[in-house]
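A structural walkthrough
Letter by letter, the chains look like this.
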2 protein chains.
Amino acid sequence: MSRARIKDIAAELGLSPATVSRALSDSGLVAEPTRSRVREAAQRLNYRPNVSARNLRTQRSMAVLMVVRDIGNPFYLDIVKGVEAAAREAGYSVLMGNTENNAEREVEYFDMLRDGHADGMILITGKLPDAESLPEALHDLPVVVALEPIEESGLPHVMIDNIGAAREAVEHLIKLGHKRIAHIAGPIPEAMATLRREGYRRAMQGAGLELRADYEVIGDYQLPSGERHCRQLFSLSEPPTAIFVANDEMAFGAINELRRMSVSVPEEVSIVGFDDIFLSQAFYPPLTTVSQPRTAIGREAMRLLLEVMHGESHTGEIIMMPTTFQTRASTAPLRGASASARTGETVFGKRHA
Amino acid sequence: MSRARIKDIAAELGLSPATVSRALSDSGLVAEPTRSRVREAAQRLNYRPNVSARNLRTQRSMAVLMVVRDIGNPFYLDIVKGVEAAAREAGYSVLMGNTENNAEREVEYFDMLRDGHADGMILITGKLPDAESLPEALHDLPVVVALEPIEESGLPHVMIDNIGAAREAVEHLIKLGHKRIAHIAGPIPEAMATLRREGYRRAMQGAGLELRADYEVIGDYQLPSGERHCRQLFSLSEPPTAIFVANDEMAFGAINELRRMSVSVPEEVSIVGFDDIFLSQAFYPPLTTVSQPRTAIGREAMRLLLEVMHGESHTGEIIMMPTTFQTRASTAPLRGASASARTGETVFGKRHA
DNA sequence: GTGAAAGCGCTAACAG
DNA sequence: CTGTTAGCGCTTTCAC
């Protein structure tokens, strides 16, 4: 009962397997009476198509591979969610890949693509394996990059304007009257970290503020690194009055460290993060940060991938998704300064091809 | 170049496809010289097996399906990580499923199993679809339940002792001298929520403390529900001095609400959570909670599933993984009481078959 | 130790 | 509109 094949339905109804196949796939070339007889019999015999057979025949797997750098990082969750939802709607399943920043693993996933495990791939790894281990024609592979740019890959991207959003975040601090603004960056020279630092620099320069080398430190996106670098910044003879931190997790670390040093946030020091992860709002104080439309990025990446899999070329295309600046309680006017900062949220960014 | 088949290697070497297949799969019945010639040619011609063809022939997919109730919940992340790691090591890929508590979706994933999308399934949904939509012989399907029990399913489980761990958490509060201990439960009548409440009740009764109906409230595991129920408990004429909250997210909500009410944690009220999610440690105050070995649960579930897929029967088997009680800063001795609470971490739970 | 042949379940090209 | 035929790429009898 549980393993009826097309052949069984054909036998049951005295039809050929081909007709049954056509009826089941709505090919239109089947007479209505036959069609419903087939559908009824399929239902009754509990027919389910065998995916391996179909995949072999059609040379497709109806699956996409979603490869992230660290599957344990909650940051990627909503993207997965968006990808999964859009994939389902299009009839695709999602295979999970986790590289753990391991080059061999990255190559493996490209191999899986070629082996027919999946028809396309969404890369959220911020990098590619070495050129020599990659297939010759990268551009011809159905691969879309999301979130973390892979520069000079020529692959289509779905991401945010990291420079612009970072700049907006720092300008918020400037409007609050801050001048001594430090930056805890991500793991430069990674692209995303570099872009956010660039946004910081442009905002500072745009306001005619000095770029001090001792106000720029490089972290690794993890919480302890936020603590450590915060301590370092406050050991300077002239510590900052505000810090723009490249991601929320390090920002949490910085805030906790300030609490330990009995420096109050935001009264004495303002902190701005980036990402708006789960709990950034529930944290104390609620974190002012840049919110990325993660689920939408996931959906958009999948939508773009579908187009690429259907043969459209999107080489070099970059889709920018809008970010939202969330003004919360971790930032406040510089004491003694008359500031004019906005409150609430501000949409930033546009979309172009 | 990029799509060499077994046939191509055979032609290249003047062998039969059968021999090439055998050589590549180490079947042992191939002479050594032939074997290495084949391996060399495979390398040179960039041979990669076609998974659909192999799957069709072998009637397996070498993939497992991991179905969670809400893919956006960071709580499941480490489990995914464990499953993925163990699956990779065994040569399996992982397909993601997300039910969003939707019964139809749940059925779909069972169908995917039967359709050959995957060879086995790990369920982290806390429930099964209605009996009539399920295959007759549930026990014969390679399905393993993790984390959230599905009672009376007869399926093998990998989980923690929710009653025991909850009881230990509440006993910690009792040892600190607390007597007026309330409980914000999960969405009863769900199994996990019910078990944790049962642990609370047993601890209270075991210590001869009164079980007050107004000290038991039912939440939904989400943050706002923690805020709401905390407020409710503190509107009682005799508010609690400690709250055992069924999960960390609601505990964060409770702590935030207490802060708003200017009630200090842990000086005036102690809070214990459950789960030890990302940031429970970085939260302020760091949350005393029950830590689950999530990655290990994921690995163990996959390991068990492999055995089930290899034909072993594990009907009704329950594997209990040990929890660790994390004493952090959200709990303190009742003011005026002489307490004897432990500090640090305590391992709880055993493992049996 | 190797080859020939069959077939997994499905779909598509070609006839009629 | 329906049937016949072939074949996707692989593994596995069964012979030799």
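All values derive from a computational prediction rather than experimental measurement.

1. Overview of the overall build of chain A
Check the secondary structure of chain A and you find 11 helices and 13 strands. The C-alpha radius of gyration computed for chain A amounts to 26 Å, which surpasses the reference 20 Å derived for 353 residues by more than 25%, pointing to a less compact arrangement than a globule. Taking the principal axes of the C-alpha coordinates as reference, chain A spans close to 90 × 40 × 35 Å. Sequence-distant contacts in chain A: of pairs separated by 6 or more residues, those separated by 24 or more amount to 71%. As displayed, chain A has an accessible area near 14,700 Å², and 49% of this comes from carbon and sulfur atoms.

2. Here we look at the packing of aromatic side chains
Note on aromatic pairs: each is described by the distance of the centres and the angle between the planes. Scanning the entire structure with this criterion turns up six aromatic pairs over all chains. Aromatic pair A:Phe244 and A:Phe274: ring centres 6.4 Å apart, planes at 55°, arrangement tilted. Taken as a pair, A:Phe244 in strand β8 (residues 242-245) and A:Phe274 in the loop between β9 (270-272) and β10 (289-291) lie far apart in primary sequence, 30 residues in all. Here A:Phe244 matches A:Phe274 in class, with each residue buried. For the cation-ring pair, B:Arg196 lies above B:Phe274, with the distance from its terminal atom to the ring centre recorded as 3.6 Å. The residue whose ring lies beneath B:Arg259 is A:Tyr284, and the NZ or CZ to ring-centre distance is 3.7 Å.

3. Points about the sheet that holds strand β4 (residues 143-146) of chain A
The mixed open sheet is built from 12 strands, whose spatial order is β11(A)-β5(A)-β4(A)-β3(A)-β1(A)-β2(A)-β2(B)-β1(B)-β3(B)-β4(B)-β5(B)-β11(B). A strand with exactly one partner marks an edge of an open sheet, and here the two such strands are β11 (318-321) of chain A together with β11 (318-321) of chain B. Within this sheet the neighbouring strands show an average axis-to-axis angle of 25°, counted without direction. Bridge analysis of strand β1 (residues 63-68) of chain B against strand β3 (residues 120-124) of chain B gives five bridges, and the strand direction is parallel. What sits directly across from B:Val68, in β3(B), is B:Ile124. Packing of helix α5 (residues 77-89) of chain A onto the sheet brings it into contact with β1 (63-68), β2 (93-98) and β3 (120-124) of chain A together with β2 (93-98) of chain B, and relative to β2(A) it is tilted by some 150°.

4. Description of the nonpolar core
The biggest cluster of nonpolar side chains holds 156 residues, and the ones touching the most others in it are A:Ile271, A:Met302, B:Ile271 and B:Met302. If we ignore the near neighbours within four places in the chain, the residues touching A:Met302 are A:Val64, A:Val83, A:Ala86, A:Ala87, A:Tyr92, A:Ile122 and A:Met309. Core analysis: the second largest hydrophobic core is formed by 34 residues, B:Leu95, B:Met112, B:Leu123 and B:Leu155 among them.

5. Considerations on the sheet that holds strand β6 (residues 181-185) of chain B
Residue and element names in this part refer to chain B. Read from one edge of the open sheet, four strands run β7-β6-β8-β9, paired in parallel fashion. Of all the strands in the sheet, just β7 (216-218) and β9 (270-272) have a single pairing partner and so form its edges. Strand-to-strand twist in this sheet, taken as the mean axis angle between neighbours without regard to direction, amounts to 15°. Two elements, β6 and β7, share three bridges in a ladder whose sense is parallel. In the sheet register, alanine 185 faces β7, and the bridge partner there is isoleucine 218. Strand contacts of helix α7 (residues 162-175): β6, β8 (242-245) and β9, with the helix running at about 170° to β8, the strand carrying the most contacts. Sitting on the sheet, helix α9 (residues 223-233) touches β6, β7 and β8, and the angle it makes with β6 is about 150°.

6. Things to note about the environment of A:Glu40
Structurally, A:Glu40 is set in helix α3 (residues 32-44). A C-alpha to C-alpha distance of 44 Å links A:Glu40 and A:Pro156, two positions 116 residues apart in sequence.

7. Points about the protein's contact with DNA strand D
Within the structure, DNA strand D sits among 24 residues, and A:Thr19, A:Arg22, B:Ile6, B:Tyr47 and B:Arg57 are positioned closest to it. When the atoms of DNA strand D within 4 Å of the protein are grouped by moiety, sugar and phosphate amount to 61% of the total. Among the secondary structure elements, those contributing two or more residues to the surface near DNA strand D are α2 (17-24) and α4 (51-58) of chain A together with α2 (17-24) and α4 (51-58) of chain B. Classifying every residue of the surface near DNA strand D gives 11 nonpolar, seven polar and six charged.

8. Section: the protein's contact with DNA strand C
Taken together, 26 residues surround DNA strand C, and among them A:Ile6, A:Tyr47, A:Arg57, B:Thr19 and B:Arg22 come closest. Of all DNA strand C atoms lying within 4 Å of any protein atom, the proportion belonging to sugar or phosphate reaches 64%. A:Arg22 places a polar side-chain atom, nitrogen or oxygen, 3.4 Å from a base nitrogen of DNA strand C. Here A:Ala53 contributes a backbone N or O atom positioned 3.4 Å from a base nitrogen of DNA strand C. Elements with a minimum of two residues in the surface near DNA strand C: α2 and α4 of chain A together with α2 and α4 of chain B. Among the residues making up the surface near DNA strand C, the classes are represented as 11 nonpolar, seven polar and eight charged.

9. Structural notes on the domain arrangement of chain A
With domains assigned, chain A is organised as domain 1 (6-47), domain 2 (58-160 + 295-321) and domain 3 (162-291 + 323-348). Summarising the inter-unit geometry, the C-alpha centres of domain 1 of chain A and domain 3 of chain A are found 64 Å apart.

10. So, the interface of chain B and chain A
With 49 residues of chain B in contact, the opposing surface of chain A contributes 48 residues. Counting each side, the surface lost to burial between chain B and chain A is near 4,500 Å², with a carbon and sulfur contribution of 57%. Our count for the chain B to chain A interface comes out at eight salt bridges. Ionic pairing is found between A:Arg88 and B:Glu108, a salt bridge with its closest N-O pair at 3.1 Å. The interface formed by chain B and chain A contains 12 residue pairs in polar contact (both at pLDDT 80 or more). Put simply, the parts of the chain that give the side of chain B that touches chain A at least two residues each are α4, α5 (77-89), β2, α6 (103-114) and α10 (248-260) of chain B.

11. Thoughts on the relation of the copies chain B and chain A
Mapping chain B onto chain A leaves a residual RMSD of 0.1 Å; the transformation is a rotation of 180° accompanied by 0.0 Å of translation along its axis. Considering both components of the superposition, the chain copies are consistent with a two-fold axis. In terms of C-alpha distance to the rotation axis, chain B has B:Leu95 as its closest residue, with the C-alpha 2.3 Å off the axis. Both copies present the same face, since 98% of the interface residues in chain B are matched by interface residues at the equivalent positions in chain A.

12. Points about the side chain of B:Thr99
Residue and element names in this part refer to chain B. Examined against the element boundaries, threonine 99 turns out to sit in the loop between β2 and α6. Taking relative accessible area as the criterion, threonine 99 reaches 0% and is therefore assigned buried. Leaving out residues up to four positions away in the same chain, threonine 99 has contacts with Val67, Val68, Arg69, Arg105, Glu106, Tyr109 and Thr125.

13. Let's talk about the pattern of salt bridges
All names here are of chain A. Evaluated as defined, the whole model comprises 54 salt bridges over all chains. Two residues, aspartate 8 and arginine 5, come together in a salt bridge whose shortest N-O distance is 2.9 Å. Using a relative accessible area of 25% as the deciding quantity, one classes aspartate 8 as partly exposed. The exposure class of arginine 5 is partly exposed, given its relative accessible area of 44%.

Procedures and definitions
- The written sequence of each chain sets the order in which its residues are numbered from 1.
- Working convention: letters from A go to chains and numbers from 1 go to ligands, in the order in which they are written.
- Totals for whole chains, interfaces and linings use all residues, but because this is a predicted model, local features are given only for residues with pLDDT of at least 70 and pairs of side-chain atoms are given and counted only at 80 or more.
- The side-chain figures draw on all heavy atoms in the structure; neither hydrogens nor water molecules are used.
- Where helices and strands are cited, they refer to DSSP runs of H or I of at least four residues and of E of at least two residues respectively, numbered from the N terminus.
- The globule rule used here is 2.2 Å times the number of residues to the 0.38 power, and the radius of gyration it is set against is calculated over C-alpha atoms.
- Residue contacts follow a heavy-atom distance rule, with two residues in contact if any of their heavy atoms lie within 4.5 Å.
- Note on areas: these come from Shrake-Rupley sampling with a 1.4 Å probe, and a residue is covered only by the protein chains present in the view.
- Pairing of aromatic rings covers Phe, Tyr and Trp, the last through its six-membered ring, and needs centres within 6.5 Å; plane angles under 30 degrees mean stacked, over 60 mean edge-to-face, and all others mean tilted.
- With a 1.4 Å probe rolled over the protein chains alone, any residue whose accessible area is under 20% of its type maximum counts as buried; one over 50% counts as exposed, and the rest are partly exposed.
- Whether a charge lies above a ring is judged from NZ of Lys or CZ of Arg, which has to be within 6 Å of the ring centre and within 35 degrees of the ring normal.
- Any two strands are treated as partners once DSSP identifies two or more bridges connecting them.
- Convention adopted: a line fitted to C-alpha atoms gives each axis, helices being fitted over their contacting stretch, and angles between N-to-C directions are expressed from 0 to 180 degrees.
- Here, nonpolar core refers to any group of buried Ala, Val, Leu, Ile, Met, Phe, Trp, Tyr and Cys residues whose side-chain atoms link them within 4.5 Å.
- A cutoff of 4 Å decides nearness: a residue is near a molecule or strand if any of its heavy atoms lies inside that distance of it.
- Here the term charged refers only to Asp, Glu, Lys and Arg, the term nonpolar to Ala, Val, Leu, Ile, Met, Phe, Trp, Tyr, Cys and Pro, and the term polar to all other amino acids, Gly among them.
- Between N or O atoms, a polar contact is any pair within 3.5 Å; within protein, one atom must be a potential hydrogen donor and the other a potential acceptor, and residues adjacent in sequence are included only when both atoms are from side chains.
- Domain ranges listed in this record stem from an automatic or a database domain assignment.
- Take the accessible area each of two parts loses on contact, using a 1.4 Å probe, and add the two losses: that sum is the buried area.
- Salt-bridge detection follows one rule: a side-chain nitrogen of Lys or Arg within 4 Å of a carboxyl oxygen of Asp or Glu.
- Here the copies are matched by least squares. The fit uses the C-alpha atoms of residues with pLDDT of at least 70 in both.

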